[in-house]
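One letter stands for each residue in the lines below.
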Amino acid sequence: MGIRGFAPAALLFVVSISGYSQSAATPIRIIADLSEAPRKLYHAEIDLPVRPGPLTLITPEWIPGNHRPNGPVENITGVVFTANGQILSWRRDDVNLFEFHLLVPKGVTSLHAHLDCIVTSRATPKLAVLEWEKLLLYPANVPVRNILVEPSVTIPAGWRIGTALTPIASGLTATPTSDVDESAHTPPAGSMTTRYAATTVEQLEDSPVIAGQYFREFPLAPEVTPKHYIDVVADEEVDANLRPEFLMEVSNLVREASAMYGSHHYNVYHFLLTLSDTAGGEGLEHGQSSDNGVDEKAYSDAAHQLAEADLLAHEFTHSWNGKYRRPARLYQPDFATPQQGDLLWVYEGMTQYLGNVLAARSGLKSQEQYRDLLAMSAANLDAKSGREWRSTEDTAISSSILRAPNLAWTNWRRGQDYYQEGELVWLDADTLIRKLTNNTKSLNDFTRVFLGKGGDTGPLIVPYELPEIVAELNQIAPYDWAKFFRERVTDINPRADLEGIERAGYKLVYTEKATAGEIALDASRSRRSTAINVWYSLGIRLASDGTITDVRWNSPADKAKLAPGQKIFAVNNAVFSGPALREAIRDAKGSPNPIRLILQTNQFVSLADIDYHGGERYPALLRIDGAPDYLDEITKPLAAAPAQSSPVAR
Ligand SMILES: [Zn+2]
């Protein structure tokens with residue numbers, strides 16, 4: 001496992017700073033006990049090699065991929081340190097609350113730590129996800145890529161486990177024989193413990209575990225090396241049996257990614273998939289796996305698939321773009337040093353572009369759906385009033401403060417726009433390369449070089465700065481790429497970057513009827529939400545009960561002084577409903593009368609007139625006659641047609 005500036009042989013050097021002692025022979029040993037996952041408690045027993053003196057242990061704060069300092073230290077409880085049968089006192093650092101200070105007594109070479117984590121999400125009576133930051137404790141101020149750790153995981157009786165970690169041995173959990181640590185939790189009879197090969201703290205943090213009663217593992221694209229699997233846990237047994245069509249599309253995704261990138265940076269890849277209405281809502285990239293949490297029916301049929309059609313493709317792409325190649329200042333030696341997000345429009349933005357392209361190439365969504373959803377994204381960005389004061393780069397720099405769920409005035413604040421803005425910028429770059437080279441080259445020529453350096457490497461992190469991207473793009477198609485990115489990302493732009501769409505042969509327009517893709521997307525989300533979108537006409541977004549979630553700055557609704565949080569009671573002379581609101585918009589077209597609303601704000605009731613006569617407006621891409629259709633060319637399959645074979649679950 002080679003990692004930045006660090007040869008494998010370096011593991012043989014003894015790392016030894018204040019109280020911590022490690023050689024290749026003595027990894028930290030951690031047993032993660034998920035046997036009480038149904039009760040929302042994880043436990044850990046950790047043995048650390050130490051030497052006498054002051055010792056500072058730490059738990060992760062900046063979790064890679066989360067783009068904010070949200071390590072769950074507040075949920076780490078029951079911390080007890082013991083050595084030679086004695087409990088040791090500890091004190092939390094007064095400034096860095098993730099640090100624990102203690103004094104290792106004379107003669108002590110091994111320290112035991114027990115801790116619990118209160119699990120606030122991602123665990124149900126039927127399944128659990130272990131992100132290691134919930135249980136990790138290791139020496140502070142040591143690069144995490146230099147700290148060896150040997151993990152084991154205990155799961156409830158009858159459960160099975162999925163992870164990219166390499167298993168060594170598995171069996172019934174042994175009953176602890178030592179009585180030195182009364183804090184230790186004894187797993188119930190029948191629990192299973194699996195021991196995994198030693199790795200580094202950096203890699204362990206990058207290797208989550210899913211476990212559950214209803215577990216299936218399906219091999220994907222068997223002809224592709226290295227091996228790929230999709231591991232599934234679900235709250236309902238029926239959901240874990242993934243449809244053959246879906247499995248074929250995910251196999252296609254593996255083939256398409258292999259064809260596009262021409263390299264792999266993992267020894268094995270596991271798509272870890274959690275299907276649960278209560279433990280879903282996650283998408284986190286890792287080098288050798290991805291943690292994908294969606295609703296329990298999200299992939300159960302074609303109609304529900306569209307809302308999450310690009311999730312697996314996006315997180316998979318991160319194995320190349322984000323994990324293997326990472327912006328230098330997003331890659332810090334430990335999980336305590338703040339990460340800097342200014343290049344997230346590459347890390348996330350290019351992944352957003354390539355993930356959507358791969359999803360279309362694999363059949364996870366159709367080419368038409370790709371275009372319709374691209375229109376929705378471009379229109380949303382183009383109508384974002386916040387772009388008048390804040391650049392896309394600023395949304396990346398301030399990523400860690402933009403992950404709040406509050407929707408009020410979010411168009412004026414802007415959100416994590418570096419994802420979708422980045423998608424437009426990289427489509428712009430792709431089509432520009434095609435134009436500059438008479439369609440003999442594309443962004444794929446760049447990604448093969450940039451994301452494929454060194455060929456197949458195994459897990460590895462190679463940091464970069466923007467000048468490398470600029471230089472390599474110049475090799476593909478000479479152009480002032482530094483200026484290209486500065487104008488689109490660093491500068492304030494009152495309009496979204498629509499040049500890529502136009503160069504691809506399409507124009508963003510607004511029509512009176514929603515596209516098939518928008519209707520399908522709404523339908524695919526209908527189990528969880530039924531939002532009403534009159535964003536491009538009146539300028540409001542609403543929940544199905546009429547509560548306004550956001551008002552578009554400078555829109556007709558803004559001019560009528562509507563506010564987020566207000567609830568619409570009545571529209572003209574009708575009780576509020578989505579259809580009634582849409583009918584009022586249609587009626588106002590060509591009429592001099594405003595749309596009259598009765599509104600509730602807390603305990604107050606008021607009237608508002610919206611002077612809008614433009615009719616319904618939905619974004620769509622309109623084909624420009626005669627122009628080359630790069631969009632369909634970009635989203636057509638690249639890989640050779642797969643050999644006929646049916647995946648078999650293990
Ligand atoms: Zn991402």
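Everything that follows concerns the structure shown earlier in this document.
What counts and how
Residues numbered from 1 in each chain as written. Predicted model: local features only at pLDDT ≥ 70, side-chain atom pairs only at ≥ 80, totals over all residues. Heavy atoms only, no water. Helix = DSSP H or I, 4+ residues; strand = E, 2+ residues; numbered from the N terminus. Buried < 20%, exposed > 50% of the residue type's maximum accessible area, 1.4 Å probe, protein only. Contact = heavy atoms within 4.5 Å. Areas by Shrake-Rupley, 256 points an atom, 1.4 Å probe, with all protein chains shown as cover. Pairing = 2+ DSSP bridges. Axes fitted to C-alpha atoms, helices over the stretch in contact; angles between N-to-C directions. Donors = N, O, S within 2.8 Å, 3.2 Å for Na, K, Ca; no water. Core = buried A, V, L, I, M, F, W, Y, C linked by side-chain atoms within 4.5 Å. Phe/Tyr/Trp six-rings, centres within 6.5 Å; stacked < 30°, edge-to-face > 60°. Lys NZ or Arg CZ within 6 Å of the ring centre and 35° of its normal. Parallel < 35°, antiparallel > 145°, perpendicular 65-115°, else oblique. Left-handed = near helix turned anticlockwise from the far one by under 90°. Nonpolar A, V, L, I, M, F, W, Y, C, P; charged D, E, K, R; others polar. Salt bridge = Lys/Arg side-chain N within 4 Å of Asp/Glu carboxyl O. Polar contact = N/O pair within 3.5 Å; in protein donor to acceptor, adjacent residues only side chain to side chain.

Okay, the overall build of the chain next. When you go through the chain residue by residue, the secondary structure sums to 19 helices and 34 strands. Counting only C-alpha atoms and orienting by the principal axes, one finds that the chain spans roughly 90 × 65 × 50 Å. Expressed as a percentage of the 650 residues in the chain, the buried residues total 57%. In the chain, the proportion of contacts linking residues at least 24 apart, taken out of those at least 6 apart, comes to 74%. For the chain, the exposed surface amounts to about 25,800 Å²; the carbon and sulfur share of it is 54%.

Taken in spatial order, the three strands make up an open sheet running 11-18-14, and their pairing is antiparallel. Pairing within the sheet leaves two strands with one partner each, and these edge strands are strand 11 (127–130) and strand 14 (160–163). When the angles between neighbouring strand axes are averaged without regard to direction, this sheet yields 15°. Summarising the sheet, strand 11 and strand 18 (residues 209–212) pair through four bridges and their orientation is antiparallel. Across the sheet, residue L130 finds its bridge partner in strand 18, namely V209.

With that out of the way, let us pick up the coordination of the zinc ion. Ligation of the zinc ion by protein atoms is provided by H314 (NE2), H318 (NE2) and E348 (OE), these donors lying 2.0 to 2.1 Å from the ion. Taken in chain order, the donor set of the zinc ion reads H-x3-H-x29-E. One end of the pair, H318, is in the loop between helix 5 (311–317) and strand 24 (325–327); the other, E348, is in the loop between helix 6 (344–347) and helix 7 (349–362), and 30 residues separate them in sequence. According to the relative accessible area criterion, E348 is buried, its value standing at 2%.

With three bridges connecting them, strand 28 (residues 540–542) and strand 29 (residues 548–551) associate as antiparallel partners. Across the sheet, the residue bridging to R541 is D550, located in strand 29. Here strand 28 hands over to strand 29 after five residues, with G546 in that stretch at a positive phi of 95°.

For the rest of this paragraph, the subject is the sheet that holds strand 28. Reading across from one edge, 27-28-29 is the order of the three strands in this open sheet, with antiparallel pairing throughout. Only two strands of the sheet have a single neighbouring strand rather than two, namely strand 27 (532–534) and strand 29. Neighbour-to-neighbour, the strand axes of this sheet turn through a mean angle of 15°, independent of strand direction. Where helix 18 (residues 578–588) meets the sheet, its contacts fall on strand 27 and strand 28, and the angle it forms with strand 27 comes to roughly 10°.

Attention shifts here to the nonpolar core. Judged by nonpolar contacts, the single largest core of 88 residues is most densely connected at I230, F271, W426 and F485. Counting residues per element, this core draws most heavily on helix 11 (residues 418–436), at nine residues. Apart from the residues lying within four places of it in its own chain, the contact partners of I230 are R216, E217, F218, L220, L242, F246, L247, F271, L273 and L312. Within the second largest apolar cluster, 53 residues are counted, among which are A44, V144, I155 and F335.

For the rest of this paragraph, the subject is the packing of aromatic side chains. Taken as a whole and judged by the stated rule, the model has 26 aromatic pairs. An angle of 85° between the planes, with centres 5.7 Å apart, marks the rings of Y266 and W320 as edge-to-face. Residue Y266 is located in the loop between helix 3 (244–261) and strand 21 (268–275), and its partner W320 is located in the loop between helix 5 and strand 24; the two are separated by 54 residues in the primary sequence. Like Y266, the residue W320 is buried in the burial classification. Residues F316 and W320 carry aromatic rings whose centres are separated by 5.0 Å and whose planes lie at 75° to one another, so their mutual orientation is edge-to-face. Through successive ring pairs, a cluster of aromatic residues spans W345, W426, F446, F450, Y464, Y479, W481, F484 and F485. When the ring centre of Y506 is taken as reference, the NZ or CZ atom of R623 above it lies at 5.4 Å.

Let's shift gears to the packing of helix 7 against helix 12 (residues 443–450). Two measures define how a pair of helices packs: the angle their axes make with one another and the distance between the axes. The N-to-C vectors of helix 7 and helix 12 enclose an angle of 120°; their axes lie 13 Å apart at closest approach. For the element pair helix 7 / helix 12, the angle class is oblique. Crossing of helix 7 against helix 12: the hand is left-handed. Of helix 12, the residues touching helix 7 (which contributes M350, Y353 and L354) are L443, F446, T447 and F450. Across the contact of helix 7 with helix 12, the residue classes tally to six nonpolar, one polar and no charged.

Our next topic: the pattern of salt bridges. In the structure shown here, the tally under the stated rule is 36 salt bridges. With a shortest N-O distance of 2.6 Å, R488 and D428 are connected by a salt bridge. With R488 in helix 14 (residues 481–490) and D428 in helix 11, this residue pair connects regions lying 60 residues apart in the sequence. Here the two residues R488 and D428 agree in accessibility, since each one is buried. Via salt bridges that share partners, D428, K483, E487, R488, D497, E499 and R503 belong to a single interconnected network.

We now examine the side chain of S385. One can find S385 in the loop between helix 8 (367–382) and helix 9 (392–397). Using a relative accessible area of 4% as the deciding quantity, one classes S385 as buried. One polar contact links S385 to N411, side chain to side chain, over a distance of 2.5 Å. Setting aside anything within four residues of it in sequence, one finds S385 in contact with N411, W412 and W553.

Taken N-terminus to C-terminus, the directions of helix 8 and helix 11 make an angle of 115°; their axes are 10 Å apart at the nearest point. For the element pair helix 8 / helix 11, the angle class is roughly perpendicular. Two packed elements cross with a definite hand, and for helix 8 against helix 11 that hand is left-handed. Here helix 8 contributes L374, S377, A378 and L381 to the contact with helix 11, which in turn contributes Q420, E421, E423, L424 and L427. Residues of the contact of helix 8 with helix 11, tallied by class, amount to five nonpolar, two polar and two charged.

All right, on to the side chain of K384 then. With respect to the helices, strands and loops of the structure, K384 is situated in the loop between helix 8 and helix 9. Exposure remark for K384: the relative accessible area of 12% places this residue in the buried category. Not counting residues within four places of it along the chain, the set of residues in contact with K384 comprises N411, G415 and D417.

Turning our eyes to something else, we now look at the environment of K589. Mapped onto the secondary structure, K589 falls in the loop between helix 18 and strand 32 (595–601). Along the backbone, K589 and N241 are 348 residues apart, and their C-alpha atoms lie at a distance of 50 Å.

Below, the discussion takes up the environment of S366. Tracing the sequence through the fold places S366 in the loop between helix 7 and helix 8. Sequence separation of S366 and S591 is 225 residues, and the distance between their C-alpha atoms is 39 Å.

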